[in-house]
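Given next are the chains, with one letter for each unit.
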There are 2 protein chains.
Amino acid sequence: MPKVVFQIEGSGPVTISCNPGDNLLELARRANVAIDAPCSGNGSCGKCRVKLVEGVLETIPSRHISQEEMEAGWRLSCNCKVVGDCTVFVPDIASAYRSRMKTADLSSPDEIAIFETCQEQLKASGIVFENQYRALVLEMAEPTLDDTMPDNERLTWAIQEALGVEKVEIPFSVMVKLASTLREHHFRVCVKGELKENTFRCMEISGPEDTAIVGCAIDIGTTTVTMVLTDLVTGKLLAKGSSGNGQIRYGADVINRIIEQGREGGKKKLQDAIVKETLNPIIASLCRSANISARSILRLCVAANTTMNHLFVGVDAEPVRMEPYIPSFFGWKGLLAGDLKLPANPLAPVLIAPNIGSYVGGDITAGTLVTTLWDADEMSLFIDLGTNGEIVFGNRDFMMSCACSAGPAFEGGDISCGMRATDGAIEACTIDKETMEPTLTIVGDAGQKPVGICGSGIIDIISELFRCGIINARGLFVREGSRVLRDAHGMGRYLLASAEESETGREVSINEVDIDNFIRAKGAIFSAIDTMLSAVDMTVDCIDRVFVAGGIGSGINMKNSVNIGMLPDVDLSKYQYIGNSSLTGAYAMVMSDRATEKCHELGANMTYLELSTHPGYMDNFVAACFLPHTDASLFPNSVQEM
Amino acid sequence: MPKVVFQIEGSGPVTISCNPGDNLLELARRANVAIDAPCSGNGSCGKCRVKLVEGVLETIPSRHISQEEMEAGWRLSCNCKVVGDCTVFVPDIASAYRSRMKTADLSSPDEIAIFETCQEQLKASGIVFENQYRALVLEMAEPTLDDTMPDNERLTWAIQEALGVEKVEIPFSVMVKLASTLREHHFRVCVKGELKENTFRCMEISGPEDTAIVGCAIDIGTTTVTMVLTDLVTGKLLAKGSSGNGQIRYGADVINRIIEQGREGGKKKLQDAIVKETLNPIIASLCRSANISARSILRLCVAANTTMNHLFVGVDAEPVRMEPYIPSFFGWKGLLAGDLKLPANPLAPVLIAPNIGSYVGGDITAGTLVTTLWDADEMSLFIDLGTNGEIVFGNRDFMMSCACSAGPAFEGGDISCGMRATDGAIEACTIDKETMEPTLTIVGDAGQKPVGICGSGIIDIISELFRCGIINARGLFVREGSRVLRDAHGMGRYLLASAEESETGREVSINEVDIDNFIRAKGAIFSAIDTMLSAVDMTVDCIDRVFVAGGIGSGINMKNSVNIGMLPDVDLSKYQYIGNSSLTGAYAMVMSDRATEKCHELGANMTYLELSTHPGYMDNFVAACFLPHTDASLFPNSVQEM
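Given the structure is predicted, the values throughout are model-derived calculations rather than measurements. (Residues numbered from 1 in each chain as written. Chains lettered and ligands numbered in written order. Predicted model: local features only at pLDDT ≥ 70, side-chain atom pairs only at ≥ 80, totals over all residues.)

As for the overall build of chain A
Keep this limit in mind: Strands here are runs of E lasting at least two residues and helices are runs of H or I lasting at least four, both read from the DSSP assignment and numbered beginning at the N terminus. Atoms considered for the radius of gyration are the C-alpha atoms alone. The globule rule reads 2.2 Å times the number of residues to the power 0.38. Buried, partly exposed and exposed are defined by the number of other C-beta atoms within 10 Å of a residue's own C-beta, namely 20 or more, between the two limits, and 12 or fewer respectively, with C-beta atoms placed from the backbone.
A tally of regular secondary structure across chain A gives 16 helices and 27 strands. Here the C-alpha atoms of chain A give a radius of gyration of 27 Å, agreeing with the 26 Å that 2.2 N^0.38 yields for 642 residues. Across the 642 residues of chain A, 54% fall into the buried class.

Written as structure tokens, this is what we have:
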């Protein structure tokens, strides 16, 4: 049996035996070697690059690997069959899904402002920020021969006295440490738990100085996971972090992951990838950074799309994609942290923002909650740009939602130099019309060289290329110059950074295939908006407010987004970028019982429009696959400076 | 390092390395070799016999090992130090704690009668036999493209319709198998759960044919564990089983076990011994014999003494024996089967019959429940003969309880040929006054030869020896004959079976030390009764009824018990043997919500009399250490035929 050694950059080697003919990417997965493969191994994304160091691999040539690269040993692992012993180098950049966990600077005013604004807006709409979690410091008489009340009755009495409740519940997890905690702290302790009507349910007992009770809000994106810890009393943010979704090695989109989880042992594999490999390390790291114990986390909330919710809980997601499209749940209350062994109080409820349909999930109900469009007379459009694009339109009288398969372009997928908005990503760009020279804004410290392009950067670049007349309405290069290069087949590309200027030694550029891919993505978004408005007999003129959310960069240039025909051409003052509204919504739910209730109301009241079967959507989509649109009158403010 | 090989009878050899000077019994425990050691290794019980096969052991001589036995290699393992490599044989009889698990014959009318009588008596006292567990067979419409309700909503609706409830809770354990179970059974399923006010809490989902909902009643004795499975709807017994308490290798009495659990890792060790090694195999075996799945067990109830309850839950039991004697709990509601990983539905509550004091536990409240003495005008005495003796006295107006340290004599401990009431135990005996020949009743099939003597047998033998004038009031032999033997020091013994007549090839006899030990035990019981009656200014004449419980044999000869001054000399018609009332009480609790409530009321209302500090108890005890008593007027019906 051939032996394959994976030399993982920044990590030790992993050796695995296999059968001749085994696919190298499959083998890497079996060996738990993380290789980014957004297309799940069908050769289209070009992300699963490895370098052959020793031995041979039977390889199908790929447009993603140049002749020079091929000679240097570079291969797409999905295109390789093992034929004998070999050693391959797995570059860290290929392990992008493990992108360095980031703990955002919580002193950053922007970060805090989003959560503060969310609270204010929700409060203005009648959402009280109150929950039923309490930390009580109790001082009890130490037992004596004349006062021989057992520990649990002593504690019960003290709580009843402190809160005036009738019933006190002491679960197993508290009972087993009750005797030792009381004695260690001389019967002066802190009890944490939930107050519900006339009952206090203990969840934790600790020393009197440890009074933190903490909520954990989690946005599980198909690509990225983001999380905050918050003080359940004050609402203050305690820590924030994010990382890639570990499931990405099973496919960039939900469909590939549903297929994967349907295989033998797949549910556990996908669940482990999100829970054990992704969430648990972030929670642990945030607990350290906030200096709290995991058992102080008394409530969690997850906002995620329908598939992510199913994979997270570990229930079969196959029905999400298969007729008659019956998921296990839209809304479900009943999950506890202990059920999934999350590093939190085992009795902590894990709220799940309710799904609306197979492709409009809890991330959208949570986001809709944040917009407060449900409390306004004005008609609002809410667009969440993720791996899928989801759109909500409505006001206090009605709400409609739909999803379009924009593909992973906004998060850097399907784009040859695409990447997520991490260090080295070009997140904004202007181009000088005369010289065609770009001015780049790059994520990271000063002096960071470019690695690739993230979603917000792609919007800017395409808009600028179009404005400067470098590309035409079809996205083809129509000007020549030192920044415009062409390959042997004549395919044009725009050079953002040469091999020497880049961080990785590989040029960063955008080519006509990338632009075409992106135009389809933006076309999907705009045609979805268009179709939805038509469905309620409205036009873009009816839109009073537009909320744009998504983690495609630290912001999004609305003017450029309109310029390329992605977002409707309404007054820019109507636009509001609300960041990661899924996370903010989860934060609101974890902090406020009323917000949780409201979110479930939204889930129950929102109509779901299935675009794929909707007459007219396909035509709208085709019409939108131009810059800005085949019907230019829809974008009077779009500019191409000739 | 010396190597010790344990050759375990009926099992493979176990080898362990150790340091010179290590105690052999300690070493066996480290190696998980089960050796019965009721005295926990202080050399007094003589039960930890092993046979040296090869090598040498440094040995302290013991009165339990004769010179011949010594020469044949027999040793008390607690008296041996390892000095070099050696091989010892561990006879199966020494592994008595692993006594073959017994599944009682449920067709036995006696077995069933006890539970039926219990139900009738409790019902007559107003205890309704109802609980809130339900199994519902539901038929739902299969989903179609026009009926796209998610699985959990579909199930919720069906339950709401079937029960008219408002709220349905679907926990994680049901959610994860919901999609597959619904589809496998074409949306016709059985849902099991708990109906509480307006809420149905699902606990299990299964195919429509599996409608069993089962309760499990457990009596955890210090020595023996007994268990029944019962149909939660009909109350029918489904299976019954028992085995030794696996903790016995850490000591026969509660004090030794509390000391052991206080050591590093001790809590887990003692908990594993009862949960993993003892309860789990019995539950699994009963489930197989009743042909039900463990997840159908929706409620359990444990009746046990205070220490056993603490060790079972895994909370520190040290406070039970140390001043100021504050246990973690008397009554505690909050334990779930999943907390201890019992093989049952993880959401099944584990009811714990409430303790009253450090030495009067839930077995006694459960037993008191069964007697219905709390509902009568008559004054009742309730005596539970276990490793400890516990006594309750009272009626509907008051109840008082106390415990006396009778020691393990009733269960065969502290008696040279003592054993538990399993196959080969002499459980009854008459002696011919003239010939002094015994007539034995032996536990087991016809032809079973005697192995030893269990509690009920010891009572009979001593009573008969006394009646026949073979022993005097001090328990010393005063007649000679072929059945009365004496050792070199003149100590007398009565031969019940010679080496040839016995099952094991060792004679079965009772000697003066055994009789003395037993007289102390019976003296402890009677003096406790005496003291308690005095404490409420009453005498034996005030007793209207006497309930005797305990697993010391299949029954107990009341006349003989009175004859030796163990039980008060009242009209024998006032006596009722109620078998294992702890188990029957647990059965009532698991079946009936009202019985559970009542048991907690009893726990709260019963007074606890601490005998050890009670003036007069010591004098009463000394006076009771005669046959039948120093004050013979207390036992007018005691007979010694001169």
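Brief notes about the domain arrangement of chain A
When the parts of a complex come together, some accessible area is lost, and that lost area is often taken as the interface size. Rules: All the domain ranges listed were derived from an automatic or database domain assignment.
Domain assignment breaks chain A into domain 1 (3–98), domain 2 (133–206) and domain 3 (416–508). Relative placement of domain 2 of chain A and domain 3 of chain A: their C-alpha centres are 62 Å apart.

What to know about the sheet that holds strand β19 (residues 425–431) of chain A
All names here are of chain A. As a reminder of what qualifies: Following DSSP output, two strands are said to pair if at least two bridges run between them. Contact between residues is assigned whenever the C-beta positions, reconstructed from backbone atoms, fall within 7 Å. Between N-to-C directions, angles span 0 to 180 degrees; the directions come from axes that are lines fitted to C-alpha atoms, helices contributing only their stretch in contact.
Reading across the sheet, the 3 strands line up as β20-β19-β21 and stay open at both edges, with mixed pairing between neighbours. Each having just a single partner strand, β20 (438–442) and β21 (452–453) make up the two edges of the open sheet. Relative to β20, β19 runs antiparallel, the two sharing 5 bridges. In the strand pairing of β20, Cys429 is matched with Leu440. Against the sheet, helix α11 (residues 455–467) touches β19 and β21, its axis set at about 20° to β19.

Focus: the pairing of strand β20 (residues 438–442) of chain B
Sheet faces and side chains relate simply in a regular strand, where the side chains alternate between the two faces. Of the two faces of β20 of chain B, only the one carrying Pro438, Leu440 and Ile442 of chain B is buried; Thr439 and Thr441 of chain B on the other face are not. Connecting strand β19 (residues 425–431) of chain B to the next strand, β20 of chain B, in antiparallel fashion are 6 residues, including Met436 of chain B with a positive phi near 65°.

Here's the deal with the confidence of the model for chain A
Using the following cut-off: pLDDT measures how confident the predictor is about each residue, on a scale from 0 to 100.
Looking at chain A as a whole, its pLDDT mean stands at 90, while 95% of the residues score no less than 70. With pLDDT under 50 throughout, residues 94–101 of chain A is counted as low confidence; its partners more than four residues away or in other chains account for 30 contacts.

Let's talk about the relation of the copies chain B and chain A
Just so we agree on the cut-off: Superposing copies: least-squares fit, C-alpha atoms only, residues required to have pLDDT of at least 70 in both.
Overlaying chain B on chain A yields an RMSD of 0.2 Å, the required transformation being a rotation through 180° with an accompanying axial translation of 0.2 Å. Here the two chains are linked by the operation of a two-fold rotation axis. Considering only C-alpha atoms, the part of chain B nearest the rotation axis is Gly338 of chain B, at 5.4 Å.

Description of the sheet that holds strand β26 (residues 575–577) of chain A
Residue and element names in this part refer to chain A. Pairing in this open sheet of 6 strands is mixed, and the strands run β26-β25-β16-β17-β18-β27 from one edge to the other. Edge strands, defined here as strands with exactly one partner in the open sheet, are β26 and β27 (607–608). When strand β18 (residues 399–404) meets β27, the two strands line up parallel, connected through 2 bridges. Residue pairing in the sheet places Ser401 in a bridge with Tyr608 of β27. Strands in contact with helix α10 (residues 362–371) are β16 (380–385), β17 (389–394), β18 and β25 (545–549); relative to β16, the strand with the most contacts, it is inclined by about 135°.

Digging into the pairing of strand β1 (residues 3–8) of chain B
All names here are of chain B. With burial as the criterion, only one face of β1 is covered, namely that bearing Val4, Phe6 and Ile8; the residues Lys3, Val5 and Gln7 on the opposite face remain uncovered. In this structure, β1 lies alongside strand β2 (residues 13–17), joined through 5 bridges in antiparallel fashion. Within the sheet, the bridge partner assigned to Phe6 lies in β2 and is Val14. Where β1 folds back on β2, the antiparallel hairpin that results is connected by 4 residues, among which Gly10 adopts a positive phi of roughly 75°. Here β1 pairs with strand β5 (residues 80–90) via 5 bridges, running parallel. Across the sheet, residue Val5 finds its bridge partner in β5, namely Thr87.

As for helix α12 (residues 512–535) of chain B
Residues and elements named next belong to chain B. Short version of the rule: For a helix, the expected span equals 1.5 Å multiplied by the number of residues minus one.
Helix length check: α12, at 24 residues, gives a terminal C-alpha distance of 34 Å against a target of 34 Å (1.5 Å per residue), a fit within 8%. The buried fraction of α12 is high, at 18 of 24 residues. Phi for Asp537, located one or two positions after α12, is positive at around 60°.

Remarks on helix α6 (residues 254–261) of chain B
Residues and elements named next belong to chain B. Worth spelling out the cut-off: By definition, the arc is the one covered by directions from the helix axis to the C-beta atoms.
Of the residues making up α6, those classed as buried are Val254, Arg257, Ile258, Glu260 and Gln261. Across the axial projection of α6, the buried residues extend over an arc of 160°, all falling on one side. Packing partners of the buried residues in α6 comprise α7 (266–290), α8 (306–313) and α9 (318–321).

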